[in-house]
Structure formats: structure tokens, C-alpha cells
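# Chain and residue survey
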Amino acid sequence: MSSIKFEHIRKVYDNNVEVVKDFSLDIDDKEFVILVGPSGCGKSTTLRMIAGLEDITDGKLYIGDRLVNDVAPKDRDIAMVFQNYALYPHMSVFKNMAFGLELRKTPKEEIKKRVEWAAKVLDIAHLLDRKPKALSGGQRQRVALGRAMVRNPSVFLLDEPLSNLDAKLRVQMRTELIKLHKQLQTTFVYVTHDQVEAMTMGTRIVVMKDGDIMQVDDAKTLYNSPKNLFVAGFIGAPQMNFINAVVNKNNGKWHANFDRYDIELNNDRISKLDDSYNGKEVILGIRPENVILHKDKSENLIEAIIDVIEMIGSESYLYMNFGNSQITIRINSSDDYERDQHAFMEFDLNRLHIFDKDTEQNLLI
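Summarised in this report is the structure supplied together with it. (Residues numbered from 1 in each chain as written. Predicted model: local features only at pLDDT ≥ 70, side-chain atom pairs only at ≥ 80, totals over all residues. Heavy atoms only, no water.)

## Thoughts on the pairing of strand 19 (residues 342-347)
Side-chain direction in a regular strand flips from residue to residue, so the side chains alternate between the two faces of the sheet. Of the strand pairs in this sheet, strand 15 (residues 291-294) and strand 19 are connected by four bridges, and their pairing is antiparallel. Its bridge partner lying in strand 19, Ile-292 is registered against Glu-346. In terms of strand pairing, strand 16 (residues 302-312) meets strand 19 through four bridges, oriented antiparallel. Bridged to Ala-304 within strand 19 is Ala-343. (Pairing = 2+ DSSP bridges. Helix = DSSP H or I, 4+ residues; strand = E, 2+ residues; numbered from the N terminus.)

## Observations concerning helix 4 (residues 137-149)
One full turn of an α-helix is made of 3.6 residues, so residues set three or four places apart face in the same direction. Over its 13 residues, helix 4 runs 18 Å from end to end, which matches the ideal 18 Å to within 8%, given 1.5 Å per residue. Most of helix 4 is tucked away: ten of the 13 residues are buried. Among all positions in helix 4, only Gly-138, Gln-141, Arg-142, Val-143, Ala-144, Leu-145, Gly-146, Arg-147, Ala-148 and Met-149 are buried. The inward-facing, buried residues of helix 4 abut strand 6 (78-81), helix 2 (93-103), helix 3 (108-121), strand 7 (155-159) and helix 5 (167-184). (Expected span 1.5 Å × (residues − 1). Buried < 20%, exposed > 50% of the residue type's maximum accessible area, 1.4 Å probe, protein only. Contact = heavy atoms within 4.5 Å.)

## Focus: the pattern of salt bridges
Taken as a whole and judged by the stated rule, the model has 16 salt bridges. In this structure, the salt-bridge partner of Glu-102 is Lys-95, at a minimum N-O distance of 3.4 Å. Lys-95 gets classed as partly exposed once you look at its relative accessible area, which sits at 40%. Each of Arg-10, Glu-18 and Asp-58 takes part in salt bridges that share partners, so that together they form one network. (Salt bridge = Lys/Arg side-chain N within 4 Å of Asp/Glu carboxyl O.)

## A look at the sheet that holds strand 1 (residues 4-12)
Spatially, the four strands line up as an open sheet ordered 2-1-4-5, and their pairing is antiparallel. Bordering the open sheet on either side are strand 2 (18-27) and strand 5 (66-67), each of which pairs with just one other strand. Where strand 1 lies against strand 4 (residues 58-63), five bridges are found, and the strand directions are antiparallel. Opposite Arg-10, over in strand 4, you have Asp-58 as the bridge partner. Against the sheet, helix 1 (residues 43-51) makes contact with strand 1, strand 2 and strand 4, and its axis sits at roughly 120 degrees relative to strand 1, the strand it touches most. (Axes fitted to C-alpha atoms, helices over the stretch in contact; angles between N-to-C directions.)

## Things to note about the sheet that holds strand 8 (residues 187-192)
Picture the strands of a sheet paired through backbone hydrogen bonds; they go either parallel or antiparallel. Pairing is mixed across the open sheet formed by six strands, whose spatial order is 6-7-8-3-9-10. Every other strand in the sheet has two partners, leaving strand 6 and strand 10 (212-217) as the edge strands with one partner each. On average, each strand axis in the sheet is inclined to that of its neighbour by 15 degrees, with strand direction left out of account. Looking at chain direction, strand 9 (residues 204-209) and strand 10 are connected through five bridges and run antiparallel. The residue of strand 10 that forms the bridge with Ile-205 is Asp-217.

Taken by themselves, the reported measurements are silent on function.
The following block contains the structure:
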């Protein structure tokens, strides 16, 4: 079993800085779990506590059924892949991959068998005699993965392993890591600040902020049903639009008022909004693809001016101003719009989110 269980884990450094706060999470055997969040949120520290490279201040950490708080890193049956690859420059690829096994006094024939197997899986068998300086960034990353694979660990820990690669290679390596996880059938815990990586790779995603877990869910749930304002803004590119508004209930129907507009909220989920919010300030959230744009003015549409047009291949992002607010809209690049043009918006109300202004919790889930 290579499950991982965190029970109220805390990490406090000597200067009383608490970087991980009451972290509780169960990672199942063979899961691919992503820890994602902005720099300084505690995700790498959490990973290093699994590896035994950081002491745990409070709480209990289990790998399988074994409590590992005081177990040395070498005895935890884990392998870690670092951001900077950490290859020995004077050793060949074969020697780099074999080094950990040699330290464990593994028989030479077994070492050769494991290294050749990993090299074949990673498509680097033709590079085994080369030194790291003769390899590209992607090849070095594969060697680092191979060095971890040959140990046949219960848990793979990956700390931003793709951040040093160019964009095209990152996409390719994401695909390779997904295939590798399926092939190895072991537990992966992967740290990244890149929400695109998180959304495309993980079976579950742990969104972190300031040492706290904001939400744990699959990618689709995080995107469609964010629990709070932070998750809503962090997951998705471009990020969700936020508009300050006041909600009112008249004759049994909810309305949102902002700038000079009054929108009736006749979406399916509005019944979840508690009557105590009548007359209160809230934050409306709508994703760029859930704003519908019209060229002609009609009743109940919101008038805005196109400020910037950003073309991204088959899609374009329009950055628009209305009143004191700004909004981003995703459209097809074939749609004919120009800068400084007036256009008229409507929201897909079934995709609208409403957040409490103080607690920042999503009121419609």
C-alpha cells in the first residue's frame, strides 16, 4: 500500500512563521494528486515533509499503515524528482540512474536490468553513455525520472519538475508523466504553481493558499464549482470575472444591481441563496466563456467598450470596460470586433457564481 495520510500536520519554522496549517488529507494508493497554489503557499514544504526533508512540527504523517514522522528519508520507500534535476555532471546517464541502487548494494545484473527497463520506458536508451551536459533539458528531466523509477518506490514525489522546460516541451512531458503514472501504477504527488499543469494531470487537485487547503476536488469540479473566491480566481485562464453587486429579492425573485444595471437572477441555482442576503453586497463571478457578446443593443444587455483584443490562435480575449468595472470575454477569433467598439453583454446566469463579500465563500454550491 502506498497511500498517504496527513492528520492535522503543521510546519512552523524557528522564526514562528507557520507555513503549513492544520493540513489533513488522505491520498489513496495509486492516485495522482497535485498540490497547486501561488509561491509561498506551503506546497513544496508539504512535499518535503512527505520525503522527510522537513521535520513535522505537529500532527501525524502515515505512508501506508506506517507512521513516518521520525523515519529517515532513505527508509520511507519514496523517490523525489527535483526542479533542477540534481544530476551528477561527471557521471554518465547510466551511472546517474544506477547510483542509488549501487549505494543499496543491489547486484550488478539487477541494476543493469532496471536501468535498461527505465531507459526504454522513457525513450532514453540511446543516451545511456552520455554525460548530462550533452543532453537537452527534456532529456535531463527524463534521466531524473529514470533515476527515481529504478528504485521502484511506493511513492513518487515531484517538485515542479517541468518548470525549467520550454512551453512545447512542458506539454509533451505532461503527457509522458500521465502515461508513466498509468504504467507504473503507483502513487504520485506533484507540486506546481501552474494551474494548467494541475488541471490536465491530476486525478485530484489540492488548491493551497497561505498554508491552508482551499479545496480538494477533480479538475472539472474545481472549475465549475469553486468553493470560494480564491479557487474561483486561481483556477482558469483567463481568470473568472468578479463584479461587486447588491442582491435584492422582490416578489420572490432575486435581482443583482451593479453600476446602472438590474439583472433578474432566474438561474437554476439561485434558490440556494439565503434570504438573509437580501439587500447585501456580494461578489458576482462569471467566467470569460460564459459572457455572451452582441453587437446590437437591446433591453437587459450590458453596454461595454472594447479596450484590448488579444488573439490566441482560434480564440480571442476581449478586455472590456463598463462603468467602473472591467471584464474579460472569450470569443472565437473569427468574430468581427475592433478596439474602442461598443458591444453589449449578457451573462449565462446558469453559470453565474455569487460569493459572500466577507467570508468569500461561494453561496450557490
